[in-house]
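Residue strings, one per chain:
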Amino acid sequence: MRPIAENTVIQIDITNACHLNCANCTRFVGNHRKPYFMDLGTFERAVRSLDGFPGRIGIMGGEPCLHPLFTTILRRFRELVPD
């Protein structure tokens, strides 16, 4: 296993909600009574904490599009990570 400092991709997990129930899901998402949705402030802090990270930054989750603020999150992501 390579050290975390050598990662070239970091994903920000904004939700564990998923509309599917795949038997082979390695993330164990979509089976929660009360799904988690990251608040906008936490998302912004997560992105800012990666300032200067030379690799790629992604947004993921169970199904990130289910986040009620998904379009707002995408807009803020583009503002904070214009590259």
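These numbers were taken from a predicted model, which means no experiment stands behind them.

Caption draft 1: Summary view of the overall build of the chain. Along the chain, the regular secondary structure elements total two helices and two strands. Helices (α) and strands (β) of the chain occur, in sequence order from the N terminus, as β-α-β-α. Summarising its shape, the C-alpha atoms of the chain cover approximately 35 × 35 × 15 Å along the three principal directions. Burial statistics for the chain: of 83 residues in total, 25% are counted as buried. Element-wise, carbon and sulfur atoms account for 55% of the exposed surface of the chain, whose accessible area totals about 6,200 Å².

Caption draft 2: Looking closely at the packing of aromatic side chains. In this structure the tally under the stated criterion is one aromatic pair. Ring geometry for Phe-43 versus Phe-77: centroids 6.4 Å apart, planes at 45 degrees, classification tilted. Placement of Phe-43 in helix α1 (residues 40-49) and of Phe-77 in helix α2 (residues 70-80) is noted, with a sequence separation of 34 residues between them. With respect to burial, Phe-43 and Phe-77 carry one shared label: buried.

Caption draft 3: Inspection of the packing of α1 against α2 at higher detail. Running from amino to carboxyl end, α1 crosses α2 at an angle of 25 degrees, the nearest separation of the two axes being 11 Å. It follows from the interaxial angle that α1 and α2 lie roughly parallel. Crossing handedness for the pair α1 and α2: right-handed. Contacts from Leu-40, Phe-43, Glu-44, Val-47 and Arg-48 in α1 reach Thr-72, Ile-73, Arg-76, Phe-77 and Leu-80 in α2. Here the residues of the contact of α1 with α2 sort into six nonpolar, one polar and three charged.

Caption draft 4: Region of interest: the pattern of salt bridges. With the rule as written, the count across this model stands at three salt bridges. Among the salt bridges present, the one from Glu-44 reaches Arg-48, with a minimum N-O distance of 3.9 Å. With Glu-44 and Arg-48 both in helix α1 and four residues apart, the pair spans about one turn of that helix. Here Glu-79 ties to Arg-76 by a salt bridge, and the two come within 2.3 Å at their closest N and O atoms. In this pair, Glu-79 and Arg-76 both sit in helix α2, three residues apart, roughly one turn of the helix.

Rules of the game
- Sequence order as written defines the numbering, with residues in each chain counted from 1.
- Given that the model is predicted, a residue must reach a pLDDT of at least 70 before its local features are reported, and side-chain atom pairs must reach 80 or more before they are shown or counted; all residues, however, enter totals for whole chains, interfaces and linings.
- Remark: hydrogens and water are excluded; side-chain values derive from all non-hydrogen atoms of the structure.
- Segments assigned H or I by DSSP are reported as helices when at least four residues long, segments assigned E as strands when at least two residues long, and all are numbered from the N terminus.
- Between buried and exposed lies partly exposed: a residue is buried under 20% and exposed over 50% of the maximum accessible area for its type, with that area taken using a 1.4 Å probe on protein chains only.
- Calculation of accessible area relied on Shrake-Rupley with a 1.4 Å probe; when residues are assessed, cover is drawn exclusively from the protein chains displayed.
- Pairing of aromatic rings covers Phe, Tyr and the six-membered ring of Trp, with a centre-to-centre limit of 6.5 Å; geometry is then stacked below 30 degrees between planes, edge-to-face above 60, and tilted otherwise.
- Note on geometry: axes are lines fitted to C-alpha atoms, helical ones only across the stretch in contact, with angles between N-to-C directions running from 0 to 180 degrees.
- For classification, angles of less than 35 degrees are called roughly parallel, those exceeding 145 degrees roughly antiparallel, those between 65 and 115 degrees roughly perpendicular, and all remaining angles oblique.
- Note on convention: the crossing is left-handed when the near helix lies turned anticlockwise from the far helix by less than a right angle, right-handed when the turn is clockwise.
- Contact criterion: two residues are considered in contact whenever any of their non-hydrogen atoms come within 4.5 Å of each other.
- Only Asp, Glu, Lys and Arg are considered charged in this grouping, and only Ala, Val, Leu, Ile, Met, Phe, Trp, Tyr, Cys and Pro are considered nonpolar; every other residue, Gly among them, is considered polar.
- Any carboxyl oxygen of Asp or Glu that lies within 4 Å of a side-chain nitrogen of Lys or Arg is treated as forming a salt bridge with it.

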